[in-house]
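The chain contents come next:
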Amino acid sequence: MSRVREERSQTTLRPDVTAALGDVLVVVPTYNERDNITPLVERVHRAVPAAHVLVVDDGSPDGTGEIADGLAERDDRVGVLHRAGKQGLGAAYLAGFDWGLRHGYDVLVEMDADGSHHPEELPSLLQALDGADLVLGSRWVDEGSVANWSLARTVLSRAGNAYARRMLRLPLRDVTGGYRAYRAATLRRIELAGVQSQGYCFQIDLALRVVRAGMRAVEVPITFTERTSGTSKMSRAVVVEALRRVTVWGLRTRFARNLPAGKYYPDSGRR
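Scope of this entry: the structure provided in the associated data block.

Thresholds, definitions, all that
Residues numbered from 1 in each chain as written. Predicted model: local features only at pLDDT ≥ 70, side-chain atom pairs only at ≥ 80, totals over all residues. Heavy atoms only, no water. Phe/Tyr/Trp six-rings, centres within 6.5 Å; stacked < 30°, edge-to-face > 60°. Helix = DSSP H or I, 4+ residues; strand = E, 2+ residues; numbered from the N terminus. Buried < 20%, exposed > 50% of the residue type's maximum accessible area, 1.4 Å probe, protein only. Contact = heavy atoms within 4.5 Å. Pairing = 2+ DSSP bridges. Axes fitted to C-alpha atoms, helices over the stretch in contact; angles between N-to-C directions. Expected span 1.5 Å × (residues − 1). Parallel < 35°, antiparallel > 145°, perpendicular 65-115°, else oblique. Nonpolar A, V, L, I, M, F, W, Y, C, P; charged D, E, K, R; others polar. Left-handed = near helix turned anticlockwise from the far one by under 90°. Arc of directions from axis to C-beta.

### Comments concerning the packing of aromatic side chains
Part 1 of the reasoning: Under the counting rule described, the total for this entry stands at six aromatic pairs.
Part 2 of the reasoning: A centroid spacing of 6.0 Å and a plane angle of 10 degrees characterise the contact between Tyr 93 and Phe 202, whose relative ring orientation is stacked. With a gap of 109 residues between them, Tyr 93 in helix α5 (residues 89-102) and Phe 202 in helix α9 (residues 199-212) connect regions that are remote in the sequence. The exposure classification of Tyr 93 matches that of Phe 202, with both residues buried.
Part 3 of the reasoning: Between Phe 97 and Tyr 182 the ring centres are 5.6 Å apart and the planes differ by 65 degrees, which places this aromatic pair in the edge-to-face class. Highlighted residues: Phe 97 in helix α5 and Tyr 182 in strand β7 (residues 180-183), separated in sequence by 85 residues. Just as Phe 97 is buried, Tyr 182 falls in that class too.

### As for the environment of Arg 183
Part 1 of the reasoning: Among the structural elements, Arg 183 can be located in strand β7.
Part 2 of the reasoning: Other than its neighbours up to four places away in sequence, Arg 183 contacts Leu 21, Asp 106, Leu 129, Asp 130, Gly 131, Ala 132 and Asp 133.

### Observations regarding the sheet that holds strand β8 (residues 217-221)
Part 1 of the reasoning: The strand order across the open sheet built from seven strands is β3-β2-β1-β4-β7-β5-β8, with neighbouring strands paired in mixed fashion. With one partner strand each, in any of the chains shown, β3 (78-82) and β8 form the two edges of the open sheet. Averaged over all neighbouring strand pairs, the angle between strand axes comes to 20 degrees, with direction disregarded.
Part 2 of the reasoning: Examined bridge by bridge, strand β4 (residues 107-110) and β7 share four bridges and lie antiparallel to one another. Bridge pairing in β7 links Val 107 to Arg 183.

### Describing α5
An α-helical turn contains 3.6 residues, so a residue and the one three or four places further along point in the same direction.
Part 1 of the reasoning: Across its 14 residues, α5 extends 20 Å between first and last C-alpha, which sits within 8% of the 20 Å expected from 1.5 Å per residue.
Part 2 of the reasoning: Every buried residue belonging to α5 is among Gly 90, Ala 91, Ala 92, Tyr 93, Leu 94, Gly 96, Phe 97, Trp 99, Gly 100 and Leu 101, and all of these are buried.
Part 3 of the reasoning: Where α5 terminates, the next one or two residues include Gly 104, which has phi positive at roughly 80 degrees.

### Brief notes about the packing of α5 against α9
Part 1 of the reasoning: At a minimum axis distance of 8 Å, the contact between α5 and α9 shows a crossing angle of 50 degrees. Comparing their axes, α9 and α5 come out oblique. Together, Leu 89, Gly 90, Tyr 93, Leu 94 and Phe 97 of α5 and Gly 199, Phe 202, Gln 203 and Leu 206 of α9 make up the contact between the two elements.
Part 2 of the reasoning: Taken together, the residues of the contact of α5 with α9 sort by class into six nonpolar, three polar and no charged.

### Some words on the packing of helix α3 (residues 37-47) against helix α4 (residues 64-74)
Part 1 of the reasoning: For the pair α3 and α4, interaxial distance at closest approach is 10 Å and the crossing angle is 35 degrees. By crossing handedness, the relation of α3 to α4 is classed as right-handed. Across from Ile 37, Thr 38 and Val 41 in α3, the residues of α4 making contact are Thr 64, Ile 67 and Leu 71.

### Here we look at the environment of Ala 147
Part 1 of the reasoning: Its place among the elements puts Ala 147 in strand β6 (residues 145-147).
Part 2 of the reasoning: For Ala 147, a relative accessible area of 22% gives the class partly exposed.
Part 3 of the reasoning: For the pair Ala 147 and Ser 116, spaced 31 residues apart in sequence, the C-alpha separation works out to 9.0 Å.
Part 4 of the reasoning: The contact partners of Ala 147, leaving out residues within four places of it in the chain, are Phe 224, Thr 225 and Glu 226.

### Regarding the pairing of β7
Part 1 of the reasoning: Relative to β7, strand β5 (residues 134-138) runs antiparallel, the two being bridged by three bridges. Its bridge partner lying in β7, Leu 134 is registered against Tyr 182.

### A look at α3
Part 1 of the reasoning: For α3, the set of buried residues is Ile 37, Leu 40, Val 41, Val 44 and His 45. With its buried residues spanning 130 degrees around the axis, α3 presents them on a single face.
Part 2 of the reasoning: Elements in contact with the buried residues of α3: β1 (24-30), β2 (52-57), α4 and β3.

So far we have only geometry, and geometry alone does not tell us how the molecule works.
Here's what the structure looks like:
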């Protein structure tokens, strides 16, 4: 690990930033992550002891939900939201966001359950939220990186991000990444009820809504590590959905007449 990444992983939140941020909820969708969920929650609490974790489990047949229930019984900083069957990443995050907003959290974080997002880098994301509406953990800015990826996977991610950035005119390098911190006020402003996208496209959708609502999105470097346990949720359908929706959104924006800046939402058509 480079010196920069070591320093990033050891970042601690200043007391004044912690107080300003308020209550933090880390939303972790799960499906068959029994080997990963306990160490992940422990790492989150070592990194940010005051953070709460909400496990959103889609009826995992491997017993992930039951393991999460056990964690919640032993630690009041852990909650579990059970859903009936696998309904998709985007829907899981929306359910978690809704739960967090209803329970009065001030900051909501997206984090994968498979260890690809390092909880030790969470303080860096939260620190950057001081003065921003959305912070994206980015693989493709200076000092960002990926580990255990094939050349093909790297090229696909870089090309997909470049395409989305160009089509949607987004000033962001990594709009498909899923390690993020939102202010609750940000999520309330971007009309989550209109979001229909899933997978990588869900991440693009929300970043686009934030930017077009005139809010400030910033990127901080992270190291993304490919999972070492369990099965990847990556599929051809996820990639095709992202390509299709980004193309439609980009063309719709370019050919729409009298489109007010900052007032367009991808799926709802609201202006």
